[in-house]
Amino acid sequence: MIKKGLKVKVLAGKDKKKEGEVIEIDRANNRAKVKEINMVKKHVKTTKEKKGGIVSKESFIHISNLKLLDAKKNVKKAEAKK
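Just so we're clear, the structure is a prediction, and the values are computed from it rather than from any experiment.

Scoring rules and cut-offs
Residues numbered from 1 in each chain as written. Predicted model: local features only at pLDDT ≥ 70, side-chain atom pairs only at ≥ 80, totals over all residues. Heavy atoms only, no water. Helix = DSSP H or I, 4+ residues; strand = E, 2+ residues; numbered from the N terminus. Buried < 20%, exposed > 50% of the residue type's maximum accessible area, 1.4 Å probe, protein only. Contact = heavy atoms within 4.5 Å. Areas by Shrake-Rupley, 256 points an atom, 1.4 Å probe, with all protein chains shown as cover. Pairing = 2+ DSSP bridges.

### Re the overall build of the chain
Okay, so step 1: When helices and strands are counted, the chain shows 1 helix and 7 strands.
Okay, so step 2: When the helices and strands of the chain are read in sequence order from the N terminus, they spell out β-β-β-β-β-β-β-α.
Okay, so step 3: For the chain, the proportion of its 82 residues judged to be buried stands at 18%.
Okay, so step 4: The contacts in the chain between residues at least 6 apart in sequence include a share of 44% that link residues at least 24 apart.
Okay, so step 5: A total accessible area of about 6700 Å² is found for the chain, and carbon and sulfur atoms account for 51% of it.

And the structure:
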């Protein structure tokens with residue numbers, strides 16, 4: 001199961017074969033945000049508090065396009081050493 005904070009590898013899309021850390025999960029739509037993966041440009045309107053402009057930020061990617069890295073391998077290695 002993919003959870004926040006775990007390392008994953010991207011299997012499909014423009015960032016294929018890249019690795020990153022999950023920063024947010026959307027369970028209702030089966031999607032996740034991965035740090036520095038699937039970056040998109042958003043046009044932000046200027047407000048009193050924030051300056052506007054074009055901002056790069058992560059977008060959601062479907063969890064079927066993600067592969068969990070080394071979660072089970074680390075557990076098995078730790079058990080084997082005991």
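### Some thoughts on the pairing of strand β1 (residues 7-10)
Okay, so step 1: Only one face of β1 is covered, namely the one carrying Val8 and Val10; the face carrying Lys7 and Lys9 has none of its residues buried.
Okay, so step 2: Alignment of β1 against strand β2 (residues 19-26), held across 3 bridges, turns out to be antiparallel. In the strand pairing of β2, Val8 is matched with Gly20.
Okay, so step 3: Two strands pair when backbone bridges link them, and β1 and strand β7 (residues 66-68) are joined in this way by 3 bridges, in the antiparallel orientation. Within β7, the position partnered with Val10 by the bridge is Leu66.

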